[in-house]
Amino acid sequence: MGYVLTQSGFSELVKSLESQYRIFAPVLKKGAGRHLDTDVVLYDFVKSAEEIELEHKSDYAFKEALLPMSETLFFFTEQQTKEADLDERPVLVFLRSCDLHALKRLDDIYLRNGKEIDPFYKRRRDLLHFVLIGCPHAFENCFCVDMGSNLTKDGYVFSIDSAEEGEDTVYRFEVPDASFNTFFEGAGGTKADVQHTYVTETKTRVRVPEEVPQAVMKDALWDEYTQRCIGCGRCNFVCPTCTCFTMQDVYYTDNGRVGERRRVEASCMVDGFTNVAGGGQYRKTKGERMRFKVLHKISDHKKRFGENMCVGCGRCDDVCPEYISYSHIINKVYDASEKVLQAKNAEGGEENE
Amino acid sequence: MGELDINVVKLKKNAFRVSKVRGETASRIRIPGGVIDAKSMQKIVEIAEKYGTGTIDITNRQGIEIPGIKLEDVDKVNAEVQSVIDALHINQTERGKGFPSSGTRNIEACPGKRLCPFGNYDTTAMAQRIEQMVFPNDRHVKIACTGCSNDCAKVRFADFGIIGMTEPQYNPDRCVTCEQCVNYCKKRSVGALSVVNGKIVRDTDKCIGCGVCVHYCPTRAWTRSKEHYFRLVLLGRTGKKNPRLAEDFIKWCDEESIMKIIHNAYAYIEEYIDPNAVEHKEHIGYIVDRTGFEKFKEYILKDVTLGPKAEVAKTMYWGGKHYDQYGG
């Protein structure tokens, strides 16, 4: 079941949705890139259809809906604390299939990781509904197919695909959640049988090892990243599945008895992440940090939650200022793992003889 | 050799050098902004092979000099160089007659935002715009554009040096206090940033608008201002008497004001140039040395309306060596 809308119909749709939902979508920010006259696509709340960027892959991920870069959790003064206010209107998040898969990883960490759930995550999470942006083709550096995140069967209220047809842009919506039908009817939608588009092949391919032997941690493959990586953490900040944060307790300068607790996103690549009391630092070199990050994405998370953390969106490769390719690292890890396993098998074989 | 009867003043004005080798000259091609199309470059190669020695000099001000041209071939070279003049959009008084003037030097530019990750404006486009406004002109003026405070174009050796700036815009909601901006500002720039209560504070007096913070921010907490700003530095020079670096005149200046200031400066030169100067040539800096800076300032700021952020130097002092006063 679905609907087809014209450009103006889409504008109407967003307008009516906006009256009941806050809409969090990728937005192309003109001139906000690193270099002069370069743009960046990041998530923001929008009021109109025109603001929503449907064509390009977003440079930063939707996760900011749940984990803002910087979030005040609560305020404190003397014996009292007060939780920071949160807009309690429901939110519609526009995202692609890889990101919807990433949501599950975020939930793993904040809702299913031990006895406690994270209440600040949960209160935001409960407000979210998802709109799936179709992918008629893969972008540069995408490898969702190999990570199994190209397909999405549920978890979205409707999907959106736009296509140029002659002079016009036509919007197609697959609407599994019938409660949204009224919005489409109201916007003058034509009923149609719509399936969202999805990617079936990507140019970038990865071979993910079933198991990464312990010996690979000591492999020389990590050493080059000590030289090449500058530890800026962009790969983490754009990643839809990076969940690390750090806390800041801030005391207002003109009254030291009043302040707030903030949670800010953290990066395992940036200096200071593994600093401990007494001046210790667990992962000093960039190579060690790269190893930790990569193995968390393609091995460690899986051991605990059954699925790899990485969803293959390729944003880390898009953003790296040093042209370090994470997908290449996955393949290097695969080769190194194979080598170790083969050596082990050969040894085992000899023993058996 | 008695055959040659050359008006050397006209020859020089026509952008030909009087060579040390008798009977020879060199054709000087100005390339505003330092960018030339490959086809024109090919034409220059052709001229060098046909009329010169098959060598090409790259000049210090991003121009080209084709040496070893016979003085009797000047007209032919002028005819051949027309396609290059057209391609580079050089103002001309008469087609087919080569460059009409050589006094105001080629307008220099670093690659700026066309190529450089740190470029804060399109230096080439601005150099070309200035060229359109000032050329041809016989007055000896040097103008240079550089994309950021690194000053790769060495504009502090020019009479008018234009340094690109951006006013960093800070969004505390996107800041995670990774402190890379603070560290890079300290190491690569002036150390204008510090952390106060988990957020970044920019010392606006210290900030030079280089954009290093924007460049290194991994979360887009720092972005560039929509407005392009410039630092205008004045009257740097090399030379025998008093070589010196250009000094700051306006910080956070806008492009239109810079255009007007340069335009006004030519009127000032006409008014105050020494009528007895050798070869009618007196560098603008030496004229200002005679009239005093106040007179110069009054002229160049005529009809200039600066933006609200512009900071103008109240008075200016130049340093450098004074060989003319104290000897070498």
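Calculation criteria
- In this convention, every chain numbers its residues from 1, walking through the sequence in written order.
- Ligands are numbered from 1 and chains lettered from A, in the order in which they are written.
- With pLDDT at 70 or above as the cut-off, local features in this predicted model cover only qualifying residues; side-chain atom pairs require 80 or more to be listed or tallied, and sums for whole chains, interfaces and linings still use all residues.
- Only heavy atoms go into the side-chain values, all of them from the structure, while hydrogens and water stay out.
- Stacked, edge-to-face and tilted are the three classes for Phe, Tyr and Trp ring pairs, Trp counted by its six-membered ring, which pair at centre distances within 6.5 Å; planes under 30 degrees apart are stacked, over 60 edge-to-face, the rest tilted.
- Secondary structure follows DSSP: runs of H or I at least 4 residues long count as helices, runs of E at least 2 residues long count as strands, and numbering of each begins at the N terminus.
- Exposure classes here rest on a 1.4 Å probe applied to the protein chains alone. A residue is buried below 20% of its type maximum, exposed above 50%, and partly exposed in between.
- Here, over-ring charges are defined by two tests on the NZ atom of lysine or the CZ atom of arginine: distance to the ring centre within 6 Å, and angle to the ring normal within 35 degrees.
- Patches in this entry comprise residues that are over 30% relatively accessible and not in a salt bridge; like charges within 9 Å are linked, as are nonpolar side chains (Val, Leu, Ile, Met, Phe, Trp, Tyr) within 5 Å.
- Only the protein chains shown count as cover for residues, and the accessible areas themselves come from Shrake-Rupley with a 1.4 Å probe.
- One side-chain nitrogen of Lys or Arg within 4 Å of one carboxyl oxygen of Asp or Glu is enough to make a salt bridge.
- When charges are counted, Lys and Arg contribute as positive and Asp and Glu as negative, whereas His and the chain ends are disregarded.
- To locate a charge, take atom NZ for lysine, CZ for arginine, CG for aspartate or CD for glutamate.
- Here a cavity means grid points, on a 1 Å grid over the protein atoms only, where a 1.4 Å probe fits yet cannot get out; a pocket means an open set of points with protein on both sides within 12 Å along at least five of seven lines; lining residues are those with an atom within 4 Å of a point.
- Grid points are joined across faces, edges and corners, and a volume is the space filled by probe spheres set on the points.
- Each residue gets one label: Ala, Val, Leu, Ile, Met, Phe, Trp, Tyr, Cys and Pro are nonpolar, Asp, Glu, Lys and Arg are charged, and the others, such as Gly, are polar.
- In this entry, domain limits derive from an automatic or database-based domain assignment.
- For a helix, the expected span equals 1.5 Å multiplied by the residue count minus one.
- Note on bend: the value at a residue is the angle between axes fitted to the seven residues ending there and to the seven starting there.
- Should any heavy atoms of two residues lie within 4.5 Å, those residues are considered in contact.
- Pairs of N or O atoms within 3.5 Å make up the polar contacts considered here, provided that, within protein, one atom can donate a hydrogen while the other can accept it, and that residues adjacent in sequence are counted only when both atoms are side-chain atoms.
- Accessible area that two parts lose when put together, with a 1.4 Å probe and added across both, is what the buried area reports.

Draft legend 1. A look at the packing of aromatic side chains. The tally for this structure, following the rule as stated, stands at 30 aromatic pairs over all chains. Ring centres 3.5 Å apart and planes at 5 degrees place the aromatic pair B:Tyr184 and B:Tyr216 in the stacked group. Of this pair, B:Tyr184 sits in helix α6 (residues 180–188) while B:Tyr216 sits in helix α7 (residues 212–216), placing them 32 residues apart in sequence. Here B:Tyr184 and B:Tyr216 have matching classes, each one buried. These aromatic residues form a ring-pair network of at least three members: A:Tyr3, A:Phe10, A:Tyr21, A:Phe158, A:Tyr171, A:Phe173, A:Phe180, A:Phe183 and A:Phe184. For B:Arg174, the ring lying beneath its charged end belongs to A:Tyr60, and the centroid distance is 5.2 Å.

Draft legend 2. Main features of a negative patch on the surface. A surface patch of negative charge is lined by A:Glu55, A:Glu164, A:Glu167 and A:Asp168. Of note, A:Glu167 is situated in the loop between β8 (158–165) and β9 (168–174).

Draft legend 3. Region of the structure containing empty space enclosed by the protein. All names here are of chain A. Summed over the entire model, instances satisfying the criterion amount to nine cavities of 30 Å³ or more. Approximately 170 Å³ is the volume found for the largest cavity. As for the largest cavity, its lining consists of 22 residues, and the residues nearest its centre are Arg 96, Ser 97, Cys 98, Cys 135 and Cys 144. Counted by class, the lining of the largest cavity contains 11 nonpolar, eight polar and three charged residues.

Draft legend 4. Expanded view of the pattern of salt bridges. The full count for this structure, using the stated rule, is 54 salt bridges over all chains. The salt bridge involving B:Lys113 is made with A:Asp37; its shortest N-O contact spans 2.5 Å. Of this pair, B:Lys113 sits in the loop between β5 (108–109) and α5 (123–134) while A:Asp37 sits in the loop between β2 (22–29) and β3 (40–46), on two different chains. Judged by its relative accessible area of 28%, B:Lys113 is partly exposed. Note that B:Glu131 and B:Arg30 form a salt bridge whose closest N and O atoms lie 2.8 Å from each other. Placement of the pair is B:Glu131 in helix α5 and B:Arg30 in the loop between β2 (24–29) and α2 (38–50), with a sequence separation of 101 residues. The buried category is assigned to B:Glu131, whose relative accessible area is 1%. Bridged by salt links that share partners, the residues B:Lys43, B:Glu46, B:Lys50 and B:Glu80 form one connected network.

Draft legend 5. Expanded view of the layout of surface pockets. All names here are of chain B. When its volume is computed, the largest pocket comes out at roughly 1,300 Å³. Considering the residues around the largest pocket, the lining is formed by 39 residues, among which Arg 28, Ser 102, Arg 105, His 140 and Lys 281 are closest to the centre. With four residues, the top contributor of residues to the lining of the largest pocket is helix α1 (residues 8–13). Partitioning the lining of the largest pocket into residue classes produces 10 nonpolar, 13 polar and 16 charged. Counting contributing residues, the lining of the largest pocket receives three or more from each of domain 1 (8–87) and domain 2 (108–165 + 228–326).

Draft legend 6. Here's a closer look at helix α8 (residues 286–305) of chain A. Residues and elements named next belong to chain A. Here α8 contains 20 residues, and its C-alpha end-to-end distance of 27 Å stays within 8% of the 28 Å for a straight helix at 1.5 Å per residue. Of all bends in α8, the biggest is about 60 degrees, found at His 296. Following α8 by one or two positions, Gly 306 adopts a phi angle in the positive range, close to 90 degrees.

Draft legend 7. Spotlight on the domain arrangement of chain B. All names here are of chain B. With domains assigned, chain B is organised as domain 1 (8–87), domain 2 (108–165 + 228–326) and domain 3 (169–223). Of note, the centres of domain 2 and domain 3, computed from C-alpha atoms alone, are 30 Å apart. The partner domain 3 presents 11 residues to the 10 residues of domain 2 that form the contact. Put simply, domain 2 and domain 3 have zero salt bridges between them. Summed over the shared surface of domain 2 and domain 3, the number is four residue pairs in polar contact (both at pLDDT 80 or more). Residue assignment for the side of domain 2 that touches domain 3 shows that the elements contributing at least two residues are β7 (160–165) and β13 (247–253). Among the residues making up the side of domain 2 that touches domain 3, the classes are represented as five nonpolar, three polar and two charged.

Draft legend 8. Highlighting the interface of chain B and chain A. The partner chain A presents 26 residues to the 27 residues of chain B that form the contact. Interface area, chain B with chain A, both sides summed: about 2,200 Å², of which 51% is carbon and sulfur. Sorting the residues of chain B by area buried against chain A places B:Arg174, B:Asn197 and B:Arg220 first, and these three jointly supply 27% of that buried surface. Across the chain B-chain A interface, the total number found is two salt bridges. With its nearest N and O atoms 2.7 Å apart, the salt bridge here joins B:Arg174 to A:Glu64. There are 15 residue pairs in polar contact (both at pLDDT 80 or more) connecting chain B and chain A. Of all elements in the fold, only α6 and α7 of chain B reach the threshold of two or more residues within the side of chain B that touches chain A. It is α7(B) that provides the largest number of residues to the side of chain B that touches chain A, a total of three residues.

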